[in-house]
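One letter stands for each residue in the lines below.
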Amino acid sequence: MNKNLLDGVKETLLMGPGPSSVRESVYKAMGKPTIGHLDPYYYKIMNGIKEQLQTAFETKNQVTLSISGTGTAGMETCFANLIEKGDRVLVLINGYFGMRMKDMAQRMGAKVTGLEFEWGTPVDVGTVASELEKNDYKIVALVHGETSTGVRNPAQEIGKLAKKAGALYLVDAVTTFGGLRVPLDAWNIDAVYSGSQKCLSCPPGLSPVSFSKRAFKKATERKDKIPNWYLDIGLIANYWEDKKRAYHHTASSNLNYALYQALYDFIKEGPDKVFARHAEVHRYLVGKLEKLGLKMFVAEGSRLPMLNAVVCPEGVDEAAVRRKLLKDYHIEIGSGLGPLAGKIWRIGLMGHTARKKNVDTFIAALGELL
Ligand SMILES: *Cc1c(COP(=O)(O)O)cnc(C)c1O
């Protein structure tokens, strides 16, 4: 018999930028029997996911569903459907994921303006307001929680500006959804995408997406065809609509069970309680880090609770600490991306991972290594 490599998979405390640690209830949900993507019982589960996503996103949007693919597939769904060639798009950039948005929008043929802000600081509302007064844009795109730096951007304020400017407002809530409020209707968000493996604590593979009426209209009434067949929101919405249920692709029933269960647990615990837990455990971590003499990368008012960027002290081998944490303690944390590589650690407190006992375990290990 060959050795089975899966015997070597170890339980890891996932405290990086995602995936986060998965709850037992979600593993159990995933182990339920696979059923067909056109099974009427599966349609019920799809409806359950839609309703729970509407609750979690605080929206009435009919087009609220899960895309088969990770957060980046959600990003591509939003940009591919909403951009028509030559559209002017304003992308607000203060980290790696804002850059990815810009690249994607350019590939779709948009005339993109990337308005850049220093990494580690939030997008500045005044600068965005004056740009929107100077130029007309069809779409304004913002990353709510910039996972590369740990910065929370002023998504509500930018939503007001986008509305005033008559632009569609596209928001990346991959990191924030499930850990911070993302109320779509109240914040004028026209298109949003997230990911299953961050604050929802599912395995990666699904991207919750929601389109407002206005956004869906632009996507379905445009003259040229959407350049991406797999992510065509009109076709996908037909699969998610009770009266239509037209085959589009073979959605993974098991991954969607996981998403259903994660949303079920989120709503059962109570969204406000979940948000408060993230905030509290974040403060607890920051206190412990500061006791170890470490500095946070982001100023206090702009920190994300679920993603904590910490400056690696002078003389400490950033990568060696991460390697030892993983090998000797089975704890995963993240490194810096792009210009922040080698300079920061990124410590995730996402969803199920956001517990004080996990912080204690991590701090004890880090204390020994430093
Ligand atoms: C993780 C992440 C993504 C990309 O999601 P994948 O699931 O890795 O494709 C996009 N945006 C933000 C803000 C993220 O944190």
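It should be noted that the structure appears before, not after, this text.
(A) Looking closely at the site of the ligand. In the neighbourhood of the ligand, 13 residues make up the surrounding shell, with Thr 70, Thr 72, Thr 147, Asp 172 and Lys 198 lying closest. Residue Gln 197 places a side-chain N or O atom 2.7 Å away from an oxygen atom belonging to the ligand. In isolation the ligand offers 380 Å² of accessible surface; the protein chains occlude 89% of this area. Looking at side-chain class alone, the shell around the ligand contains 3 nonpolar, 7 polar and 3 charged residues.

(B) Here's a closer look at the pattern of salt bridges. The tally for this structure, following the rule as stated, stands at 16 salt bridges. In this structure, Asp 190 engages Arg 214 in a salt bridge whose closest nitrogen and oxygen atoms are separated by 3.3 Å. Of the two residues, Asp 190 is situated in the loop between strand E8 (168-172) and strand E9 (191-193) and Arg 214 in helix H7 (residues 213-221); the sequence distance between them amounts to 24 residues. Classification of Arg 214 as partly exposed rests on a relative accessible area of 40%. Glu 221 is paired through a salt bridge with Lys 217; the nearest N and O atoms lie 3.0 Å apart. Here Lys 217 and Glu 221 lie together in helix H7, a separation of 4 residues that amounts to about one turn. Residue Glu 221 is classed as exposed on the basis of its relative accessible area, which comes to 55%. One network of salt bridges, with partners in common, ties together Glu 84, Asp 87, Lys 138 and Lys 218.

(C) Representation of the sheet that holds strand E11 (residues 295-296) in the model. The strand order across the open sheet formed by 4 strands is E11-E12-E15-E14, and the pairing between neighbours is antiparallel. This sheet does not close on itself; its edge strands, each paired only once, are E11 and strand E14 (334-335). Sheet topology note: the strand E12 (residues 307-311)/strand E15 (residues 344-348) ladder contains 5 bridges and is antiparallel. Bridge pairing links Ala 309 to Arg 346 in E15. On the sheet, helix H10 (residues 271-291) packs against E11, E12 and E15 and is oriented at approximately 10 degrees with respect to E12. On top of the sheet, helix H11 (residues 318-329) reaches E14 and E15; it is set at about 30 degrees to E15, its chief contact.

(D) Summary view of the nonpolar core. Judged by nonpolar contacts, the single largest core of 86 residues is most densely connected at Phe 79, Leu 92, Val 128, Leu 170 and Phe 211. Sequence-distant contacts of Phe 79, defined by excluding residues within four places in its chain, comprise Met 101, Met 104, Ala 105, Met 108, Ala 141 and Leu 170. Counting 23 residues, the second largest nonpolar core, distinct from the first, contains Met 15, Leu 289, Met 296 and Val 359.

(E) Geometry of empty space enclosed by the protein. Applying the stated criterion across every chain yields a total of 2 cavities of 30 Å³ or more. Roughly 80 Å³ of internal volume is contained in the largest cavity. In terms of lining residues, the largest cavity is bounded by Arg 23, Gly 178, Cys 199, Leu 200, Ala 262, Asp 265, Phe 266, Glu 269, Val 274, Arg 277, Gly 351 and His 352. Among the secondary structure elements, those contributing two or more residues to the lining of the largest cavity are helix H9 (253-269) and H10. For the lining of the largest cavity, the element with the most residues is H9, which contributes 4 residues. In this structure, the lining of the largest cavity is formed jointly by two domains, domain 1 (8-19 + 270-369) and domain 2 (24-267), each of which donates at least three residues.

(F) How the structure looks around H11. Given a rise of 1.5 Å per residue, 12 residues ought to cover 16 Å, and the 16 Å separating the end C-alpha atoms of H11 matches this to within 8%. Every buried residue of H11 is accounted for by Glu 318, Ala 320, Val 321 and Leu 325. Projected down its long axis, H11 shows its buried positions confined to an angular sector of 165 degrees, all on one face. More than 90 degrees from the buried face of H11, the exposed residues found are Arg 323 and Lys 327. Buried residues in H11 make contact with strand E13 (331-332), E14, E15 and helix H12 (356-369). A side-chain oxygen of the first residue of H11 lies 3.2 Å from the backbone nitrogen of Ala 319; this N-cap is Asp 317. After H11 finishes, the residue His 330 shows a positive phi value of roughly 55 degrees.

Criteria and thresholds
Residues numbered from 1 in each chain as written. Predicted model: local features only at pLDDT ≥ 70, side-chain atom pairs only at ≥ 80, totals over all residues. Heavy atoms only, no water. Near = heavy atom within 4 Å. Polar contact = N/O pair within 3.5 Å; in protein donor to acceptor, adjacent residues only side chain to side chain. Areas by Shrake-Rupley, 256 points an atom, 1.4 Å probe, with all protein chains shown as cover. Nonpolar A, V, L, I, M, F, W, Y, C, P; charged D, E, K, R; others polar. Salt bridge = Lys/Arg side-chain N within 4 Å of Asp/Glu carboxyl O. Helix = DSSP H or I, 4+ residues; strand = E, 2+ residues; numbered from the N terminus. Buried < 20%, exposed > 50% of the residue type's maximum accessible area, 1.4 Å probe, protein only. Pairing = 2+ DSSP bridges. Contact = heavy atoms within 4.5 Å. Axes fitted to C-alpha atoms, helices over the stretch in contact; angles between N-to-C directions. Core = buried A, V, L, I, M, F, W, Y, C linked by side-chain atoms within 4.5 Å. 1 Å grid on protein atoms, 1.4 Å probe; cavity = no way out; pocket = protein on both sides within 12 Å on 5 of 7 lines; lining within 4 Å. Points joined across faces, edges and corners; volume = space filled by probe spheres on them. Domains from an automatic or database assignment. Expected span 1.5 Å × (residues − 1). Arc of directions from axis to C-beta.

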